[in-house]
Amino acid sequence: MRKLLTITALAAAWLLASSFTVHLMGDSTMAEKDLKGGTNPERGWGMMFQNFLDGDVRVANYAKNGLSTKSCIDKGIWDKVFAAVRPGDYVFIQFGHNDSKDSDTTRYAAPFGAYQDNLRRFIDGTREKGGTPVLLTPVARRWFKEGGLDRNCHGDYPAAMKQVAREKGVILLDMTTPTLDWLESIGDEASRAYYMISTGKDDNTHTVACGARKITELVCDRIREQLPEIAQHLRYYHIVVSPDGHGDYMTVQEAVNAIPDYSHQEITEVLIRKGIYREQVSIPHTKFRVHFKGEDAETTVLTYDKYAKQLWPGRDFNVGTSGSASIYIHASYITFEDLTFENSAGEGKEIGQAVAVFTDGDFLFFKGCRFLGNQDTLYTYGRFGKFGGIKRNYFKDCYIEGTTDFIFGTSIAYFEDCTIHSKKNSYVTAASTLQGQKYGYVFRNCTLTAAPGIDKCYLGRPWGAYAKTVFIGCHLGEHIVADGWHDWEKEGKPDTKKNSYYAEYGNDGPGARGPRVKWSHALTAKQAAEYSFEKVMYQAEDGIVWNPYDNR
């Protein structure tokens, strides 16, 4: 036991040592902004920086609008940073915009005088606490004049900072030069879109979201060149969604709209920060080859509350099942990871069906996702009719819950290592596999669970007469009835016993006992081998061998 505790303590110490904080000290170009009400477009690059770092690095942003080296000390902000620094941390120090305001005695610090003294104080204090100070010259102002860009927008301050860096042996990230070069390369007109002047304000200093992202990218370029210990923690997403304004967009639909159309090679990487996104999302067929990555499945939730019995606004007919989804996925080659999809409409006769996810694309991969709802949670819509084309879905390490027919539809769908949770005595699946299609639903190594008191659930019933569903190597809870399957034969849908195909192989648990209905099938080992991922997903008509981990 003592040895185990020692190993655990060492592991904890290693984890602590491998993680660190980057403390940001600077002015408005780096600062957090007041985004209450969601109408302020201004962003400091420090708001974006966390999006470019992995989970081992935390960003603490102390930058403030109007701050100079002098006011940073006088207002006690430096004291807060000094108290927070731990061994192994970094302090990024970027000042110059406000130190130059010689008419303001609360902020002015002469470049080769008080400004340098204040920088030395920050450097010495950071080192005293076991941290690493890093100086950053101020980012450029967007000052275009008749003769072009004014490259002397910060006077002597960048040179004064560089002198201190040499004197103290401190790493300096020159941000003035690359931001000037970037502005000059794109010119006066194009650069407007990155700054607050694009919103109608006479402001060529402060950036909107795309400008803050660009500056962050330039900062990261310098980090790669000069700070390898931080560079190994850098990551890149083309688009970041954050409900609190610390990303490119605040809603998922805005991010979807910004994805390039018809991207034939590059996969667009989209990070969705944790939060509750109350919006109906639609991914059109033009937005293919995208990887949506949630920050954490438990806390990154896409939710909406439409339901089948609801009337369309201004119309006298119901939304219906297909119109009730929280997210519509019409595009192909889309990956979703660590996300929760929810229909929050509730359950009951007045609600009816309420879809969380509607899939209508091919090669859709869901990894570590959660699907929350009641009746008809997951609608693998697939092709509608014979001209729609094959649609393949793969669910890995997912959690799917619901009441009645909560996994249903036409697509070929492969569920591996998933948890399937019944919330009501009813039916788990309702496949509507098209006639002549070899595969429908395949569940491999899944676990079927139920809410307390639920004790009479069927593995499936045929929504369409030719439904195909197979469970292989799954653990079936005691809520699964001995019959296993229901025929759902009724007027207009005869011969489902003869035409549908329901089979099992190697299942265990109390729900696997049987005896099953006579018209279901017990597979042999040879037959079960035909249900590998590769065989189910390969279709001779297109000949594509799908690698979901490189989903392009």
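Scroll up a little and you will see the structure.
Treat the numbers as computed from the prediction; the structure is a model and nothing was measured.

## Some remarks on the pairing of strand β28 (residues 447-450)
Here's step 1: As judged from the 4 bridges shared by strand β25 (residues 419-422) and β28, these two strands associate in the parallel manner. Directly across from I420, in β28, lies its bridge partner L448.
Here's step 2: Here 2 bridges tie β28 to strand β31 (residues 475-476), and the two strands are oriented parallel to one another. Among the inter-strand pairings, T447 is bridged to a residue of β31, identified as H475.

## Description of the nonpolar core
Here's step 1: Formed by 56 residues in total, the largest nonpolar core has its most connected members in F292, F336, F341, F366, F371 and F415.
Here's step 2: The element that contributes the greatest number of residues to this core is helix α10 (residues 252-258), accounting for 3 residues.
Here's step 3: Residues F49, V134, Y195 and L234 belong to the second largest nonpolar core, which totals 36 residues.

## A short note on the pairing of strand β12 (residues 290-294)
Here's step 1: Summarising burial for β12: 5 of the 5 residues are buried, a large majority.
Here's step 2: Every second residue of β12 is oriented toward a common face, with V290, F292 and G294 on one face and H291 and K293 on the other, all of them buried.
Here's step 3: Pairing between strand β9 (residues 268-272) and β12: 5 bridges, direction parallel. From the neighbouring strand, I272 faces β12, where its bridge partner is G294.
Here's step 4: Where β12 meets strand β15 (residues 334-337), 4 bridges bridge the pair, whose relative direction is parallel. Each residue of the ladder has a partner; that of V290, found in β15, is I334.

## A look at the environment of G492
Here's step 1: Position of G492 relative to the elements: it lies in the loop between β31 and α11 (496-499).
Here's step 2: The exposure class assigned to G492 is exposed, which follows from its relative accessible area of 76%.
Here's step 3: In the structure, G492 is positioned 27 residues away from A465 in sequence and 9.9 Å away in space, judged by C-alpha atoms.

## A closer look at the sheet that holds strand β4 (residues 132-136)
Here's step 1: If you trace the 5 strands from one edge of the open sheet to the other, you get β2-β1-β3-β4-β7, paired in parallel fashion. Only two strands of the sheet have a single neighbouring strand rather than two, namely β2 (57-61) and β7 (171-173). Between one strand axis and the next, the sheet turns through 25 degrees on average, direction left out of account.
Here's step 2: Of the pairings in the sheet, the one linking strand β1 (residues 20-26) to β2 comprises 5 bridges and is parallel in character. Paired with L24 across the two strands is N61, which belongs to β2.
Here's step 3: Along the sheet, helix α8 (residues 209-226) makes contact with β3 (90-94), β4 and β7, crossing β7 at roughly 150 degrees.

The rules behind each value
Residues numbered from 1 in each chain as written. Predicted model: local features only at pLDDT ≥ 70, side-chain atom pairs only at ≥ 80, totals over all residues. Heavy atoms only, no water. Pairing = 2+ DSSP bridges. Helix = DSSP H or I, 4+ residues; strand = E, 2+ residues; numbered from the N terminus. Core = buried A, V, L, I, M, F, W, Y, C linked by side-chain atoms within 4.5 Å. Buried < 20%, exposed > 50% of the residue type's maximum accessible area, 1.4 Å probe, protein only. Axes fitted to C-alpha atoms, helices over the stretch in contact; angles between N-to-C directions. Contact = heavy atoms within 4.5 Å.

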